[in-house]
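Residue-level listing of the chains:
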Amino acid sequence: ELASIGKFPSDWNLVKLGDFATVKARIGWRGLSSSEYTSDGPYLIAGRHIIGSRISWEACDHISEFRYNESKEIALEEGDVIISKDGTIGRVGFVENMPGLATINGTMMLIRPDPRYFNQRFVYYYLQGDYFQRVISEKISGSSIPHIFQRDMVNLWIPIPPKEEQTKASDFLKLCDDELDLLQQKLAALQQ
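Just so it is clear, the structure is predicted and the values come from calculations on it, not from any experiment. (Residues numbered from 1 in each chain as written. Predicted model: local features only at pLDDT ≥ 70, side-chain atom pairs only at ≥ 80, totals over all residues. Heavy atoms only, no water.)

Q: It is not clear to me how the packing of aromatic side chains should be interpreted in this structure. Could you clarify?
A: A ring pair, where both rings are aromatic, is described by two values, the distance of the centres and the angle of the planes. Summed over all chains, the structure comprises 7 aromatic pairs. The interplanar angle of 80 degrees and the centroid separation of 4.8 Å between the aromatic rings of Phe20 and Tyr117 together place this pair among those described as edge-to-face. Taken together, the positions of Phe20 in the loop between β1 (13-16) and β2 (21-25) and Tyr117 in the loop between β10 (108-113) and α2 (120-126) put the pair 97 residues apart, joining distant regions of the chain. For the ring pair Tyr126 and Tyr131, a centre distance of 6.5 Å and an interplane angle of 40 degrees mean the geometry is tilted. (Phe/Tyr/Trp six-rings, centres within 6.5 Å; stacked < 30°, edge-to-face > 60°. Helix = DSSP H or I, 4+ residues; strand = E, 2+ residues; numbered from the N terminus.)

Set out below in structure tokens:
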């Protein structure tokens, strides 16, 4: 399995994600149903709310603060990485510019990289790379009901380059994402 990850410089460490990040998922939500969604309150993110490289906050559902407080272990923070684990699996989002309290629904998983070791955005981009996408493809083709288990993410191999390299790579890729978003907005305007 490690051979499929590729070769890295000698000053990079290869580790299991769960040793350097918190990985949390929820099976269901203690009976939460869509009839409990509210018009305001904490944001509830599902895979469909991840559009390209962004979380579409304005499209998110809302839940009561009581429901939000029931599962504080999946309450989101700036810099978290979220991933869809059921249905359309492998959709990755980076949590930033939170407009308020937010959490994930039962189809999602939370990854909170330890900032002592990771630039959090580096983990987000790594999960969009070839190695992880091959893992996702195997899950899709190898199962009638695709699903990413928490143990899959805990045991996922990930490189840890020096922090300066992580930051440079992440900043460059963020710049590319921003340019792509701008071009897509211009294209949408031209089509209208």
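From this point, the discussion proceeds with the structure in view.
Q: Sorry, what's going on with the side chain of Arg121 here?
A: Relative to the assigned elements, Arg121 resides in helix α2. On the basis of relative accessible area, Arg121 is assigned to the buried category, the value being 14%. The contact partners of Arg121, leaving out residues within four places of it in the chain, are Phe94, Glu96, Ser170 and Lys174. (Buried < 20%, exposed > 50% of the residue type's maximum accessible area, 1.4 Å probe, protein only. Contact = heavy atoms within 4.5 Å.)

Q: What should I look at first to understand the sheet that holds strand β8 (residues 92-94) in this one?
A: Sheet strands pair via backbone hydrogen bonds, and the direction of the pair is either parallel or antiparallel. Pairing within the open sheet is antiparallel, and its 4 strands lie in the order β2-β10-β7-β8. In this open sheet, the two edge strands, each paired with only one partner strand, are β2 and β8. Looking at each pair of strands side by side, their axes are set apart by 20 degrees on average, direction ignored. Both strand β7 (residues 81-84) and β8 contribute to a ladder of 3 bridges, which runs antiparallel. If you follow Val81 over to β8, its bridge partner there is Phe94. (Pairing = 2+ DSSP bridges. Axes fitted to C-alpha atoms, helices over the stretch in contact; angles between N-to-C directions.)

Q: Is there a simple way to explain helix α3 (residues 130-141) in this structure?
A: An α-helical turn contains 3.6 residues, so a residue and the one three or four places further along point in the same direction. Over its 12 residues, α3 runs 16 Å from end to end, which matches the ideal 16 Å to within 8%, given 1.5 Å per residue. In the core, the buried residues of α3 are packed alongside β7, α2, α4 (150-154) and β11 (157-160). (Expected span 1.5 Å × (residues − 1).)

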